Every structure is written in structure tokens, then in C-alpha cells.
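# Commentary on secondary and tertiary structure
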Amino acid sequence: MIRKLTEKDHTKVMELLTEERAMNLFIIGDLENFGYDTDFQQIWGEWKDEELIAVLLRYKENFLPYAKGSFDVKGFAEIILNDDHFQILSGKEEIIQQFDAYIPAGKKRSMHFAELLDSNLLEETKERLDIRVATVEDVDAVFTLRGSIEEFRESSATRESMVHTIETKSGRTYFMKEKDKAIASVSTTAENSVSAMIVGVCTDTEYRKQGLASKCLSALCEDVLKEGKTLCLFYDNPAAGSIYKRIGFMDIGKWTMWHKAV
């Protein structure tokens, strides 16, 4: 049976989601931030013998399913296709693949999904004199850095979204400066009570091969881990993946984003 979920179901929802809390970072964060029923967010659940076995979250135009085993894919697909907001379906690759039979093929992108559980391999971060925690006043410097790097120019992230994450404490940015110029940076986003997503790892082209971004990343990861959270990230570049693995990130699966067919 599939039905809409409410705050009364929260304990069961978290029991299901925290089994893979990194993979469910977005669902957990959206529920903590926006609850169970707004004009831009709803969540449905499938029940079997009074046990919650699968959920489907809508956040604006994005639908995120999760299940720990077999589930009513057709039933979830009907909910998605009957919603005029639908543009993106995203989640764990093996879950998203099951919708192939029910949703017209669109543009897909799959990325490696990696998780960091402890600080054993992080770089030494006792000396942090050059590493800063960004405030709203630093956002322009960080975005100027990102704008100078080709792979970030098509990013959907905006100055306003970064300001929002800082103000709401749903993300943070660690960076290094040379005079008034940001030269290396790393951020978290979608932080919730149990996990955080690493994004925006970058270094100014003139300052590369000095390990600056790695230092920022290690400092940020160390602080987040001390708060009892796990960290996760996407990557599709093998070179970047090798750097992340060197400091302790481990692949736990693949994440697929499926854009609606036009």
C-alpha cells in the first residue's frame, strides 16, 4: 500500500533512511528543513505488513525514491508521471534503473558516490592559520574563484544559494586567500543532522599542485566528522576520485540523475 506520509510517520521514515544515511542525505535534509507537506514538497511511502519499505520524495521538480529491497516501482512511477512538476528523477543507480519500464527515457547522468566515515587518512590540519571559514562577506571572492575555473562555469549553484546555506547553516565553505583573492575552496551543502555533501572543491589555476584544496578539504571533513556526521560526494573524474580515496573516501555506489524527456 502506498500513501502520503506525515509527521506521525517520522520515526519509521528515519529508521528506513538512516540505514544508508549518505545515500539519503537529500531526503533527510529536505524533511528536516521543510517537513512533510508544503506546496513544494511531499513524501509518499509504501507499507508492507505495517513496515515502511520504500519512500518517494518530491522536492519542487525533483523526485527522489529510496527502498531497501523490492518495491512498487509502477505505483511510484504513476505518482511521478501524474505530477506536472516532474522534471528530474534522482537517486541510487539500481533504484532509478527500475523505472526504465515505466517512465519515457530522458537524459541520464551517473556519478560515483563516495562516503567518508572517519578521519584516519585526512591530512594533518593542526596548523590552520591560512584556512578560513567563509561568511556572507566572503561569498563574492569564492564565486569569483569558481567563475575562473572552466568546470564550474556551467554549475547551477548561485551566489544566492551559497548565502542561503551560510545563513541557514545548511552548508559551510572553507577557503584560502592570497591578499583579497580566494585561491582554494571547498564547501558542504545539504547538511543535516547525520550527514553532509562535499561540493565545490577547487583551486585557482596559478596555485595548483600545492595541495591547497586538499588542506581545505581535510580541515572541513575533520570538523564535520567531529560533529558526528558522515560526509559524501559525487565524482565522475577518475583523477578526482583518486584524490578523494587517498584521504579516506570509499565508493558506496552510483548516483543517477534522470532528466525528463523533452
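Residues numbered from 1 in each chain as written. Predicted model: local features only at pLDDT ≥ 70, side-chain atom pairs only at ≥ 80, totals over all residues. Heavy atoms only, no water.

### Some details on the overall build of the chain
Scanning the chain for helices and strands turns up eight helices and twelve strands. Taking 2.2 N^0.38 as the reference for a compact globule, 262 residues should give roughly 18 Å; the C-alpha atoms of the chain span a radius of gyration of 19 Å, in line with that estimate. Expressed as a percentage of contacts within the chain between residues at least 6 apart in sequence, the contacts between residues at least 24 apart total 67%. Averaging the locations of the 34 positively and 45 negatively charged side chains of the chain gives two centres separated by 3 Å. (Helix = DSSP H or I, 4+ residues; strand = E, 2+ residues; numbered from the N terminus. Rg over C-alpha atoms; globule rule 2.2 N^0.38 Å. Contact = heavy atoms within 4.5 Å. Lys, Arg positive; Asp, Glu negative; His and termini not counted. Charge placed at Lys NZ, Arg CZ, Asp CG, Glu CD.)

### Some words on the environment of Ile-252
With respect to the secondary-structure elements, Ile-252 resides in strand β12 (residues 250–259). Spatially, the C-alpha atoms of Ile-252 and Phe-113 are 5.9 Å apart, while their sequence positions differ by 139 residues. Excluding residues within four positions of it along the chain, Ile-252 makes contact with Ala-22, Met-23, Phe-113, Ala-114 and Glu-115.

### Details of helix α8 (residues 238–246)
A distance of 2.8 Å separates the backbone nitrogen of Ala-239 from a side-chain oxygen at the start of α8, and that oxygen is part of Asn-237. Looking one or two places after α8, you find Gly-248, whose phi comes out positive at around 115°. (Polar contact = N/O pair within 3.5 Å; in protein donor to acceptor, adjacent residues only side chain to side chain.)

### Let's talk about the nonpolar core
Within the largest apolar cluster, 70 residues are counted, with the highest numbers of intra-cluster contacts made by Ile-27, Val-55, Leu-89, Phe-99, Ile-198, Leu-231 and Phe-249. Not counting chain neighbours up to four residues away, the residues in contact with Phe-99 comprise Pro-65, Phe-71, Val-73, Phe-76, Ala-77, Ile-80, Leu-89 and Trp-258. Core analysis: the second largest hydrophobic core is formed by 13 residues, Val-142, Val-163, Ala-182 and Cys-202 among them. (Core = buried A, V, L, I, M, F, W, Y, C linked by side-chain atoms within 4.5 Å. Buried < 20%, exposed > 50% of the residue type's maximum accessible area, 1.4 Å probe, protein only.)

### Quick notes on empty space enclosed by the protein
Taken as a whole and assessed by the stated rule, the structure comprises one cavity of 30 Å³ or more. Of the volumes computed, that of the largest cavity is approximately 50 Å³. Taken together, Met-23, Asn-24, Ile-27, Leu-64, Pro-65, Tyr-66, Gly-91, Lys-92 and Trp-255 make up the full set of residues lining the largest cavity. Looking at which element gives the most residues to the lining of the largest cavity, the answer is strand β4 (residues 62–67), with three residues. Looking at side-chain class alone, the lining of the largest cavity contains six nonpolar, two polar and one charged residues. (1 Å grid on protein atoms, 1.4 Å probe; cavity = no way out; pocket = protein on both sides within 12 Å on 5 of 7 lines; lining within 4 Å. Points joined across faces, edges and corners; volume = space filled by probe spheres on them. Nonpolar A, V, L, I, M, F, W, Y, C, P; charged D, E, K, R; others polar.)

Limitation: the analysis is restricted to geometry and does not speak to function.
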